[in-house]
Amino acid sequence: MERAIRYIRDSFFAARTFSDLADLNAQADTWCQGQAADRPCPEDRAQSVRAVFEQERPHLLALPPVPFPTEEQVAVSVGKTPYVRFDRNDYSIPHTHVRRTLTVVASLGQVRVLDGAAVIATHARSFDAGAQVEDPAHVAELVARKRAARQHRGQDRLIQAVPISQTLLTQAAERGEPLGSMTAALLRLLDSYGAAELTAAIEEALAREVPHPNAVRLALERRREARGQPPPIPVTLPADARVREVVVRTPALGDYDQLHDEPPRED
């Protein structure tokens, strides 16, 4: 066996070039059928390896009708990102299958990812190191999910700070308005004017039966000009959601007015 390995290393691999694994396998097959088969047989140098093999062929067992499974199977643990790591490369999977254990079944040309018996992803195999192999459909689904999640978080923050905004969004949806852009516009007004002013402006827009951010913006501007205040200066917040999504409610100050109405206590 050691001499056979040395023969392959010195006679086949030495100074050989190839473009990829398929090219190397094709060259190896040609070499086995040609130079390697025509060399003298180590046990009977008067005959070639090819001639000795033809003598032995009638005594060999036939191959089984079902090919022997040669695909590599590996159990992989998926984290919070929709990728599986196999052979130093990352392969994309549907985002619905994160945080679970899946099975990678790999051949020389293909990598399949299975959840139980169901194939959830199929990729061409990469023999690089650190490559990220993606299915465009997986990326598109993930982007759509994140966009929807951002919209829902924005609506939750808006409704929590200004409950009447839910009525505005409901009426706008009935008119076919895009809720994503409306929510973003109302959140910008919330950041600039505060919850109390936005509540009053939305009430005015609803009273005028115009459930649209432009009507809310005009109402805010009229109220600001009536008070003689300058335009609000936008505040640039960091991208951290823990900061951007904080809801600050305006406290009721009516209790302090009652202090002026109460008679002073005598000691």
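From a predicted model like this one, the values you see are computed outputs, not experimental measurements. Within any chain, residue numbers begin from 1 and follow the written order of that chain's sequence. In keeping with the predicted nature of the model, local features appear solely for residues at pLDDT of at least 70, side-chain atom pairs appear and are counted solely at 80 or more, and the whole-chain, interface and lining totals rest on all residues. With hydrogens and water excluded, all non-hydrogen atoms of the structure serve as input to the side-chain values.

## Topic: the overall build of the chain
Phase 1 of the analysis: Scanning the chain from N- to C-terminus turns up 11 helices and 7 strands.
Phase 2 of the analysis: Three exposure classes are used, based on accessible area relative to the maximum for each residue type with a 1.4 Å probe and protein chains only: buried under 20%, partly exposed in between, and exposed over 50%. Taking all 267 residues of the chain together, 27% fall into the buried category.
Phase 3 of the analysis: Here the contacts in the chain between residues at least 6 apart in sequence split such that 48% fall between residues at least 24 apart. For the purposes of this entry, the term helix denotes a DSSP run of H or I that reaches at least four residues, the term strand denotes a run of E that reaches at least two, and both are numbered from the N terminus. Contact criterion: two residues are considered in contact whenever any of their non-hydrogen atoms come within 4.5 Å of each other.

## So, the pairing of strand 3 (residues 89-92)
Phase 1 of the analysis: Alternating residues of strand 3 divide into N89 and Y91 and D90 and S92, and every residue in both groups is buried.
Phase 2 of the analysis: Pairing between strands requires that DSSP locate at least two bridges from one strand to the other. When strand 2 (residues 83-86) meets strand 3, the two strands line up antiparallel, connected through 4 bridges. The residue bridging V84 from the neighbouring strand is Y91, located in strand 3.
Phase 3 of the analysis: The antiparallel pairing of strand 2 with strand 3 creates a hairpin that spans 2 residues between the two strands, and D87 there sits at a positive phi of about 50 degrees.
Phase 4 of the analysis: Bridge analysis of strand 3 against strand 7 (residues 132-133) gives 2 bridges, and the strand direction is parallel. When the sheet's bridge partners are listed, Y91 is paired in strand 7 with V133.

## Comments concerning the packing of helix 8 (residues 195-207) against helix 9 (residues 213-226)
Phase 1 of the analysis: Axis geometry follows a simple rule: fit a line to the C-alpha atoms, using only the stretch in contact for helices, then measure angles between N-to-C directions, giving values from 0 to 180 degrees. The N-to-C vectors of helix 8 and helix 9 enclose an angle of 120 degrees; their axes lie 8 Å apart at closest approach. The angle between helix 8 and helix 9 falls in the class oblique. Note that helix 8 runs across helix 9; the crossing there is right-handed. Contact residues: E197, L198, A200, A201, I202, E204 and A205 in helix 8; A215, V216, A219, L220, R222 and R223 in helix 9. Each angle is binned into one of four classes, with values under 35 degrees roughly parallel, values over 145 roughly antiparallel, values of 65 to 115 roughly perpendicular, and all other values oblique. Helix crossings are classified by the rotation of the near helix relative to the far one: an anticlockwise turn of less than a right angle makes the crossing left-handed, while a clockwise turn makes it right-handed.

## Concerning the nonpolar core
Phase 1 of the analysis: In this structure, L198 and V216 are the most contacted members of the largest nonpolar core, which totals 22 residues.
Phase 2 of the analysis: Elements that contribute at least two residues to this core include exactly helix 5 (136-161), helix 6 (165-174), helix 7 (179-193), helix 8 and helix 9.
Phase 3 of the analysis: Setting aside residues up to four positions removed in sequence, V216 forms contacts with L168, L186, L189, L198, A201, I202 and A205.
Phase 4 of the analysis: By nonpolar core is meant a set of buried Ala, Val, Leu, Ile, Met, Phe, Trp, Tyr and Cys residues that side-chain atoms within 4.5 Å join together. Counting residues in hydrophobic clusters, the runner-up holds 14 residues, among them V84, F86, V104 and V113.

## Thoughts on the layout of surface pockets
Phase 1 of the analysis: Considered as a void within the structure, the second largest pocket measures approximately 310 Å³ in volume.
Phase 2 of the analysis: Buriedness of a pocket was judged along seven lines, with at least five required to meet protein on both sides within 12 Å; pockets are open sets of points on a 1 Å grid over the protein atoms alone, cavities are sets where a 1.4 Å probe fits but cannot get out, and lining residues have an atom within 4 Å of a point. Taken together, W31, C32, Q33, A36, A37, R39, V49, R50, V52, F53, E54 and E56 make up the full set of residues lining the second largest pocket.
Phase 3 of the analysis: Secondary-structure elements contributing two or more residues to the lining of the second largest pocket are helix 2 (21-33), helix 3 (35-38) and helix 4 (49-56).
Phase 4 of the analysis: Ranked by residue count, the leading element in the lining of the second largest pocket is helix 4, at 6 residues.
Phase 5 of the analysis: Among the residues making up the lining of the second largest pocket, the classes are represented as 7 nonpolar, 1 polar and 4 charged. Grid points are joined across faces, edges and corners, and a volume is the space filled by probe spheres set on the points. Three categories are distinguished: nonpolar for Ala, Val, Leu, Ile, Met, Phe, Trp, Tyr, Cys and Pro, charged for Asp, Glu, Lys and Arg, and polar for the others, with Gly belonging to the last.

## Here's the deal with the sheet that holds strand 3
Phase 1 of the analysis: With mixed pairing, 3 strands are arranged side by side in an open sheet as 2-3-7. Since the sheet does not close on itself, it has two edges, and those belong to strand 2 and strand 7, each with one partner.

## Let's talk about the packing of aromatic side chains
The description of two aromatic rings rests on the distance between their centres and on the angle between their planes.
Phase 1 of the analysis: Stacked, tilted and edge-to-face pairs are distinguished by plane angle, under 30 degrees for stacked and over 60 for edge-to-face with tilted covering the rest, among Phe, Tyr and Trp rings (Trp via its six-membered ring) whose centres lie within 6.5 Å. Applying the stated criterion across every chain yields a total of 3 aromatic pairs.
Phase 2 of the analysis: A ring pair is formed by Y7 and W31, whose centres lie 5.5 Å apart and whose planes are at 35 degrees; its orientation type is tilted. Of this pair, Y7 sits in helix 1 (residues 2-13) while W31 is found in helix 2, placing the two residues 24 residues apart along the sequence.
Phase 3 of the analysis: Their ring planes at 80 degrees and their centres at 4.9 Å tell us that F12 and F13 sit as a pair that is edge-to-face.
Phase 4 of the analysis: Feature note: the residues Y7, F12, F13 and W31 constitute an aromatic cluster, connected by ring pairs.

## Description of unusual backbone geometry
Phase 1 of the analysis: Not every positive phi belongs to a glycine, and A15 is a case in point at roughly 60 degrees.
Phase 2 of the analysis: Mapped onto the secondary structure, A15 falls in the loop between helix 1 and helix 2.
Phase 3 of the analysis: A relative accessible area of 84% means that A15 is categorised as exposed.
Phase 4 of the analysis: Unusually for a residue other than glycine, R88 sits at a positive phi of about 70 degrees.
Phase 5 of the analysis: Tracing the backbone through its elements, the reader meets R88 in the loop between strand 2 and strand 3.
Phase 6 of the analysis: Assessed through its relative accessible area of 56%, R88 is described here as exposed.

## Some points on a nonpolar patch on the surface
Phase 1 of the analysis: Excluding any residue in a salt bridge, patches collect residues exceeding 30% relative accessible area, merging like charges within 9 Å and nonpolar Val, Leu, Ile, Met, Phe, Trp and Tyr side chains within 5 Å. Shrake-Rupley sampling with a 1.4 Å probe provides the accessible areas, and residues are treated as covered by the protein chains on show and by no other component. Whenever a carboxyl oxygen of Asp or Glu lies within 4 Å of a side-chain nitrogen of Lys or Arg, that contact is scored as a salt bridge. A cluster of nonpolar side chains, L21, L108 and F127, forms an exposed patch at the surface whose accessible area comes to about 280 Å².
Phase 2 of the analysis: In this fold, F127 is placed in the loop between strand 6 (118-124) and strand 7.

## Digging into the pattern of salt bridges
Phase 1 of the analysis: Inspection of every chain in the model, using the stated rule, returns 14 salt bridges.
Phase 2 of the analysis: Here R223 ties to E197 by a salt bridge, and the two come within 2.9 Å at their closest N and O atoms. Within this pair, whereas R223 is found in helix 9, its partner E197 is found in helix 8, the two being separated by 26 residues in sequence.
Phase 3 of the analysis: The class for R223 is partly exposed, based on a relative accessible area of 30%.

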